[in-house]
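Structural description and commentary
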Amino acid sequence: MYDVYKIREDFPVLKKVIYLDSAATSQKPLPVVKAMDEYFTEYCGPYGRGAHRLSKETTEKYEDAREAVASFLGVPPRNTIFTRNTTESINMVAYGLDWKRGDHVITSVMEHHSNLLPWMRLRKRGVEVTVVDADDYGVVHVKSIEDAITERTRLIAIGHVSNFFGSIQDVRAIARLAKRHGIKLLVDAAQSLGEMSYDFEASDCDFICAPGHKGLLGPQGTGILYVKDAEGLDPVFAGGGTVSKVTLEGFSFDEVPSRFEYGTPNIPGVIGLGRAVKYVEALGVDNIESHLKGLAKYCAKRLSEIPQVEVYGPEERGSLVSFNLKGLNPHDVAMILDEARKICVRSGAMCAQTALARLGISGAVRASFGCYTTKEEVEALASSIEMMAKTLT
């Protein structure tokens, strides 16, 4: 049985605030903090570059984390690359592929800036970029993507769950479409990994980009890039740890994943991420998904009952609800919630300006939930918004 109150014992900060900003970054459970602390206090050493015992143990723990993450994704460890965040992962694909002038990329108006700007920048290289529309609830219909395909389309880049609408895109259908046309597919799983059950391997995705610090409950500064076939992807950076041989005449890159992991990595972060993945697995992603969707549905319903509130997104959504309270700036709403009830929410454009512009708004308030969020906390948000709305009438 999913016991959210028992889970909360691993998150001490939740005794101080009502944290409803997990889509930005999650809180970290004590076992993850302990795993990182043990690295610093018991075996702190360099990764992959030493023969002494501390280096060996560090390297072993780091690779254990890679095994854990790859197993969680259901993909080979060799193809699982550690990065700093989703943004870096996406940029490594955008600048690592060998683009030709006239090549074509399809993405959507719903994307987080991190899955939009890297493709838009490719226009300077002569790459054509089509940004397909979505419906009023933030759903990108597969037919829209299919209609945008040309004979020069090389990549479709799509976010699994919108960080503003909470809408869930039909990645399975998009993957089938991409495979049918011989097009590579990149999935931005920033708002779904660790919170939704999904078989990425079965969908035959070419690239999976995700953060460690959101649904996976890992530390900030950790990211994941899964590459199905690394042969067609060049490293964006070169330096320590990426090469097998260097002479004055040139150098050769090391095997995957080393060729993509340049310099000294975030060793404690990756080790913490490995422990976090095991924590999520112990809770059960199916259990987490059911809990989060229940909270999101309840939150959207409660807020929709307030006449002055406009709620965005579809009924079937991920773990977040974006809304506006008529008569108040979203930043003011967020500050009042924090000062009056210690409720932490996100406000602003959510790094999704094109999605908001489609609705004719420049900002909103977003409540997002984690595996540790309770229904009582959602009710506290709704009742607070009700009180604020009454002061405006």
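Report on the accompanying structure.

Now for the pattern of salt bridges. Scanning all chains against the criterion turns up 22 salt bridges. Between Arg154 and Asp103 there is a salt bridge, with the nearest N and O atoms lying 3.0 Å from each other. Separated by 51 residues along the polypeptide, Arg154 in strand E5 (residues 153-159) and Asp103 in the loop between helix H4 (86-96) and strand E3 (104-108) bring together distant segments of the chain. Taking relative accessible area as the criterion, Arg154 reaches 28% and is therefore assigned partly exposed. On the basis of relative accessibility, which here comes to 5%, the residue Asp103 falls in the buried class. In this structure, the salt-bridge partner of Glu316 is Lys293, at a minimum N-O distance of 3.1 Å.

Before going further, it helps to spend a moment on the pairing of strand E8 (residues 223-227). With five of five residues buried, E8 is to be regarded as a mostly interior element. Relative to E8, strand E2 (residues 80-83) is paired through four bridges, and the arrangement is antiparallel. Bridged to Thr83 within E8 is Gly223. In this structure, strand E7 (residues 207-211) lies alongside E8, joined through five bridges in antiparallel fashion. Residue Phe207 lies in a different strand from E8, and its bridge partner there is Val227.

Right, let's talk about the sheet that holds strand E14 (residues 346-348) for a bit. What the four strands build is an open sheet, ordered E11-E12-E15-E14; its pairing is antiparallel. Whereas interior strands pair on both sides, the edge strands pair on one side only; in this sheet they are strand E11 (309-312) and E14. Direction aside, the axes of adjacent strands within the sheet are offset by 30° on average. By the bridge criterion, three bridges tie E14 to strand E15 (residues 364-368) in an arrangement that is antiparallel. Paired with Arg346 across the two strands is Arg366, which belongs to E15. Taken strand by strand, helix H10 (residues 285-304) contacts E11 and strand E12 (320-325), and its axis lies near 15° from that of E12.

On to the environment of Leu186, then. Of note, Leu186 is situated in strand E6 (residues 184-188). Taking the relative accessible area as the measure of exposure, Leu186 reaches 0% and is therefore buried. Residues Leu186 and Arg53, spaced 133 residues apart in sequence, show a C-alpha to C-alpha distance of 39 Å. With near-sequence residues (within four places) excluded, Leu186 lies in contact with Ile90, Val93, Asn115, Trp119, Leu155, Ile156, Ala157, Ile158, Phe207 and Cys209.

Let's shift gears to the packing of aromatic side chains. Tallied over the full model, the rule gives ten aromatic pairs. Measuring from centroid to centroid gives 5.2 Å for Tyr39 and Phe40, while their planes differ by 65°, and the two rings are edge-to-face. Since its relative accessible area comes to 4%, Tyr39 is described here as buried. The exposure class of Phe40 is exposed, given its relative accessible area of 52%. Arranged with centres 5.5 Å apart and planes meeting at 35°, the rings of Phe164 and Tyr312 form a pair that is tilted. Of this pair, Phe164 sits in the loop between E5 and helix H7 (171-180) while Tyr312 is found in strand E11, placing the two residues 148 residues apart along the sequence.

Now for helix H9 (residues 267-283). Here H9 spans 25 Å end to end across 17 residues, near enough to the 24 Å set by a 1.5 Å rise per residue. In terms of burial, H9 is a largely internal element, 13 of the 17 residues being buried. Looking at where H9 begins, the residue whose side-chain oxygen comes 3.0 Å from the main-chain nitrogen of Gly269 is Asn266. Where H9 terminates, the next one or two residues include Gly284, which has phi positive at roughly 95°.

To continue, consider the sheet that holds E3. Read across the sheet, seven strands follow the order E2-E8-E7-E6-E5-E3-E4 without closing on themselves; strand pairing throughout is mixed. The open sheet is flanked by E2 and strand E4 (128-132), the only strands paired with a single partner. Across the sheet, the mean angle separating the axes of adjacent strands is 15° when strand polarity is ignored. As judged from the five bridges shared by E5 and E6, these two strands associate in the parallel manner. Looking at the pairing, Ala157 lines up with Leu186 of E6. In the packing of helix H3 (residues 53-73) onto the sheet, contacts are made with E2 and E8, and the angle to E2 comes to roughly 115°.

Basis of the calculations
- The written sequence of each chain sets the order in which its residues are numbered from 1.
- Two thresholds apply to this predicted model, a pLDDT of at least 70 for residue-level local features and 80 or more for giving and counting side-chain atom pairs, whereas whole-chain, interface and lining totals are computed over all residues.
- Hydrogens and waters are ignored; side-chain quantities use all the structure's heavy atoms.
- Every case where a carboxyl oxygen of Asp or Glu lies within 4 Å of a side-chain nitrogen of Lys or Arg is listed as a salt bridge.
- Numbering of helices and strands starts at the N terminus; helices are DSSP runs of H or I of at least 4 residues and strands are runs of E of at least 2.
- Three exposure classes are used, based on accessible area relative to the maximum for each residue type with a 1.4 Å probe and protein chains only: buried under 20%, partly exposed in between, and exposed over 50%.
- A pair of strands counts as paired when DSSP detects no fewer than two bridges linking them.
- Under this scheme, a helix contributes an axis fitted over its contacting stretch, all axes are lines through C-alpha atoms, and angles between N-to-C directions fall in the 0 to 180 degree range.
- Should any heavy atoms of two residues lie within 4.5 Å, those residues are considered in contact.
- Geometry of aromatic contacts follows a simple scheme: Phe, Tyr and Trp rings, the Trp one being its six-membered ring, pair when their centres are within 6.5 Å, and the pair is stacked under 30 degrees between planes, edge-to-face over 60, tilted otherwise.
- How far a helix is expected to stretch is found by multiplying one less than its residue total by 1.5 Å.
- Polar contacts, as used here, are pairs of N or O atoms within 3.5 Å; protein pairs need one atom able to donate a hydrogen and one able to accept it. Residues neighboring in sequence count only if both atoms are side-chain atoms.

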